[in-house]
Amino acid sequence: MSPHDEDLPDGPIEPADTDPADVPDGAGEGVSRVTVTVDEEHLAAMGGVVEGLRQRGLEVDTVLEGLGMVTGRTSDVDALREVEGVSTVDAELGYQLPPPDDDVQ
């Protein structure tokens, strides 16, 4: 246990401006959850990059300035790659755990 663990809330952490009930699993037809990484040259202008992403259709969930990352949802991943300062756009990978009573192999 690190010295800062007691500062962490119990349970999942949700973005402050997103109600989980508003985002169903799968996020809708043709919509992808993505993580955008900003290149090092544009970290100081992160606000401008985020605005460019919004103009290209990204519904921003979280801006992680210290990491140079932005998370959100979009129906046009390729449009985000055209924003100046964007290094990568990675789609969230889905996973499904088996029910607790299933035999795990």
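For the structure, see preceding data.
Note that this is a predicted model, so its numbers are computed, not measured.

Asks: Talk me through the overall build of the protein chain; I want residue IDs and the actual numbers.
Replies: The secondary structure content of the protein chain amounts to two helices and four strands. Counting from the amino terminus, the protein chain carries its helices and strands in the arrangement β-α-β-β-α-β. A buried classification covers 28% of the 105 residues belonging to the protein chain. Considering only contacts within the protein chain whose residues lie at least 6 apart along the sequence, 62% involve residues at least 24 apart. Carbon and sulfur atoms provide 49% of the accessible area of the protein chain, an area that totals close to 7,800 Å².

Asks: Quick one: what's the story with helix 1 (residues 46-55), residue by residue and with numbers?
Replies: Regarding helix 1, the residues found buried are Met46, Val49, Val50, Gly52 and Leu53. What you see down the axis of helix 1 is that its buried residues fit within an arc of 160 degrees, all on one side. Exposed side chains of helix 1 directed beyond 90 degrees from the buried face belong to Gly47 and Gln55. Following helix 1 by one or two positions, Gly57 adopts a phi angle in the positive range, close to 105 degrees.

Asks: Which residues make up the sheet that holds strand 4 (residues 86-91), and what values go with them?
Replies: Spatial ordering of the open sheet is given by 2-3-1-4, a layout of four strands whose pairing is antiparallel. The sheet terminates laterally at strand 2 (59-64) and strand 4, the two strands that pair on one side only. The sheet shows a mean angle of 20 degrees between the axes of neighbouring strands, taken without regard to direction. Here six bridges tie strand 1 (residues 32-38) to strand 3 (residues 69-74), and the two strands are oriented antiparallel to one another. In the sheet register, Arg33 faces strand 3, and the bridge partner there is Arg73. Each of strand 1, strand 2, strand 3 and strand 4 touches helix 1; the most contacted strand, strand 2, lies at about 160 degrees to it.

Asks: A description of the side chain of Arg73 should follow, citing residues and the corresponding values.
Replies: Residue position: Arg73 is located in strand 3. Residue classification places Arg73 among the buried residues on the basis of a relative accessible area of 10%. Of the polar contacts made by the side chain of Arg73, one reaches the side chain of Asp61; its length is 2.7 Å.

Asks: Pulling in residues and values, what's your account of the environment of Thr71?
Replies: Tracing the chain through its elements places Thr71 in strand 3. Residues Thr71 and Asp90, spaced 19 residues apart in sequence, show a C-alpha to C-alpha distance of 9.6 Å.

Cut-offs used in this document
- Residues numbered from 1 in each chain as written.
- Predicted model: local features only at pLDDT ≥ 70, side-chain atom pairs only at ≥ 80, totals over all residues.
- Heavy atoms only, no water.
- Helix = DSSP H or I, 4+ residues; strand = E, 2+ residues; numbered from the N terminus.
- Buried < 20%, exposed > 50% of the residue type's maximum accessible area, 1.4 Å probe, protein only.
- Contact = heavy atoms within 4.5 Å.
- Areas by Shrake-Rupley, 256 points an atom, 1.4 Å probe, with all protein chains shown as cover.
- Arc of directions from axis to C-beta.
- Pairing = 2+ DSSP bridges.
- Axes fitted to C-alpha atoms, helices over the stretch in contact; angles between N-to-C directions.
- Polar contact = N/O pair within 3.5 Å; in protein donor to acceptor, adjacent residues only side chain to side chain.

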